[in-house]
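The chain contents come next:
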Amino acid sequence: MNKIGRNEPCPCGSGKKYKKCCLDKERKEVKPFDKINVIIQEGFELLEKKKVKEACITWEKVWEETKKFITPEIRSVTQLDDILQNNGEIHNWCQDYEMELGNAGNKDLSFVEKRITYCREFVELLPESAPLIIENMLRAEAESYFALGKQNEGEAAFEALVRDFPNSAWVYIGWGDMYCLYRVNDNIPCDYEKAEKIYRMALDNDVDEREAVLDRLEELEGKKQEAN
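All of the points below concern the structure found in this document. (Residues numbered from 1 in each chain as written. Predicted model: local features only at pLDDT ≥ 70, side-chain atom pairs only at ≥ 80, totals over all residues. Heavy atoms only, no water.)

1. A short note on helix H8 (residues 151-164)
The condition is simple: Per the convention used, a helix needs a DSSP run of H or I reaching at least four residues, while a strand needs a run of E reaching at least two, with both numbered from the N terminus. Here the expected span of a helix is defined as 1.5 Å times the quantity of residues minus one. With a 1.4 Å probe rolled over the protein chains alone, any residue whose accessible area is under 20% of its type maximum counts as buried; one over 50% counts as exposed, and the rest are partly exposed. The arc refers to the directions leading from the helix axis to the C-beta atoms. It only takes one pair of heavy atoms within 4.5 Å for two residues to be counted as in contact.
In this model H8 runs 20 Å from its N-terminal to its C-terminal C-alpha over 14 residues, within 8% of the 20 Å that 1.5 Å per residue would give. All of the buried residues along H8 are Gly154, Glu155, Ala157, Phe158, Leu161 and Val162. Around the axis of H8, the buried residues are gathered within 165 degrees of arc, so they sit on the same side. Seen from the buried face of H8, the exposed residues on the opposite side, beyond 90 degrees, are Asn152, Arg163 and Asp164. Buried residues along H8 sit in contact with helix H7 (131-147), helix H9 (169-177) and helix H10 (192-204).

Laid out in structure tokens, this is it:
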């Protein structure tokens, strides 16, 4: 097919020149993802300025816009990226948002609540995303319950994670960390025995990345010696 000249009659039959008709429309056409991508970049710019809370508020708009494109047929973030034709931008962004909600939650617990809501929605709407993404979202939710002082809910969430991802070292590490090395709520007492029991549960289940678990046990022993 020959290229249409800018000053030639538009092939649509409008009688206008191509540059004043369909060419102009093509240039103005906005892909579904364009608006989302702009907001994502705004969030990254805020992060560069150390404005974490503002970035999370901006990215909340990204998630709300993104959800509009999720239909019952779309079951994973990869499928969503394909629909939006965005070169995997949502796949790359989705865990950044979860992580920054956690960072913002260190100073403002309302962002911990937002983190729980986001992670839960992500898993419910895109349950066939890569297992590692699903695991990380569920672990973030479980840790967030501890951050809010909701220990029983956090325990239940980690127990479910162990059932669903029995060979993942980081499920057990994340759970044990809530009681000693990386506690997220000072109101939940430090419990060396419980932390050690959870770490050793990982070894008993022959998890992947055993070295990471052994490193945690070594750190834990150091903490216990410091406390004595």
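2. Looking at the packing of helix H3 (residues 52-67) against helix H6 (residues 110-125)
The condition that has to hold: For helices, the fitted line uses only the C-alpha atoms of the stretch in contact; every axis is such a line through C-alpha atoms, and the angle between N-to-C directions lies from 0 to 180 degrees. Should an angle fall under 35 degrees it is taken as roughly parallel, and over 145 as roughly antiparallel, whereas 65 to 115 is taken as roughly perpendicular and any remaining angle as oblique. Here is the rule for handedness: rotate from the far helix to the near one, and if that takes an anticlockwise turn smaller than a right angle the crossing is left-handed, while a clockwise turn gives right-handed.
Across the interface, H3 lies against H6 with an axial gap of 12 Å and an inter-helix angle of 25 degrees. Classified by the interaxial angle, the pair formed by H3 and H6 is roughly parallel. At the point where H3 passes H6, the crossing takes the left-handed sense. Residue-level contacts link Lys53, Cys56, Ile57, Glu60, Trp63 and Lys67 of H3 to Phe111, Lys114, Tyr118, Glu121, Phe122 and Leu125 of H6.

3. Structural notes on the side chain of Glu98
Mapping Glu98 onto the fold places it in helix H5 (residues 89-105). In this structure Glu98 touches Arg115, Tyr118, Cys119, Met137 and Ala140, once residues within four positions along its chain are discounted.

4. Topic: the pattern of salt bridges
Put simply, the rule is: For this document, the term salt bridge refers to a Lys or Arg side-chain nitrogen within 4 Å of an Asp or Glu carboxyl oxygen.
A full pass over the atoms with the stated rule returns 17 salt bridges. Where Glu60 meets Lys114, a salt bridge forms, and the shortest distance between an N and an O atom there is 3.4 Å. A residue pair is termed long-range when its members are at least 10 positions apart, and Glu60 in helix H3 and Lys114 in helix H6 qualify at 54 residues. The partner of Arg216 in a salt bridge is Asp177, with the nearest N and O atoms 2.8 Å apart. Of this pair, Arg216 sits in helix H11 (residues 210-227) while Asp177 sits in helix H9, and the two are 39 residues apart along the sequence. One exposure class covers both Arg216 and Asp177, and it is buried.

5. What to know about unusual backbone geometry
Outside of glycine, negative phi angles account for most residues, and trans bonds account for most peptide bonds. The backbone of Lys50 shows a phi angle near 65 degrees, a positive value even though the residue is not glycine. The residue Lys50 is located in the loop between helix H2 (34-48) and H3 in this model. Here Lys50 falls in the exposed class, since its relative accessible area comes to 72%. A positive phi angle, near 55 degrees, is found at Glu209, a position not held by glycine. As for its position among the elements, Glu209 is in the loop between H10 and H11.

6. Points about the nonpolar core
Going by this rule: Nine residue types can take part in a nonpolar core, namely buried Ala, Val, Leu, Ile, Met, Phe, Trp, Tyr and Cys, and a core is a set of them joined through side-chain atoms within 4.5 Å.
Ile90, Trp93, Tyr118, Phe122 and Val213 are the most contacted members of the largest nonpolar core, which totals 61 residues. Ranked by the residues each element gives to this core, the list is headed by H7, at 7 residues. With residues up to four places along the chain from it excluded, the contact list for Phe122 reads Trp63, Val77, Cys94, Pro127, Ser129, Ile133, Ile134 and Met137.

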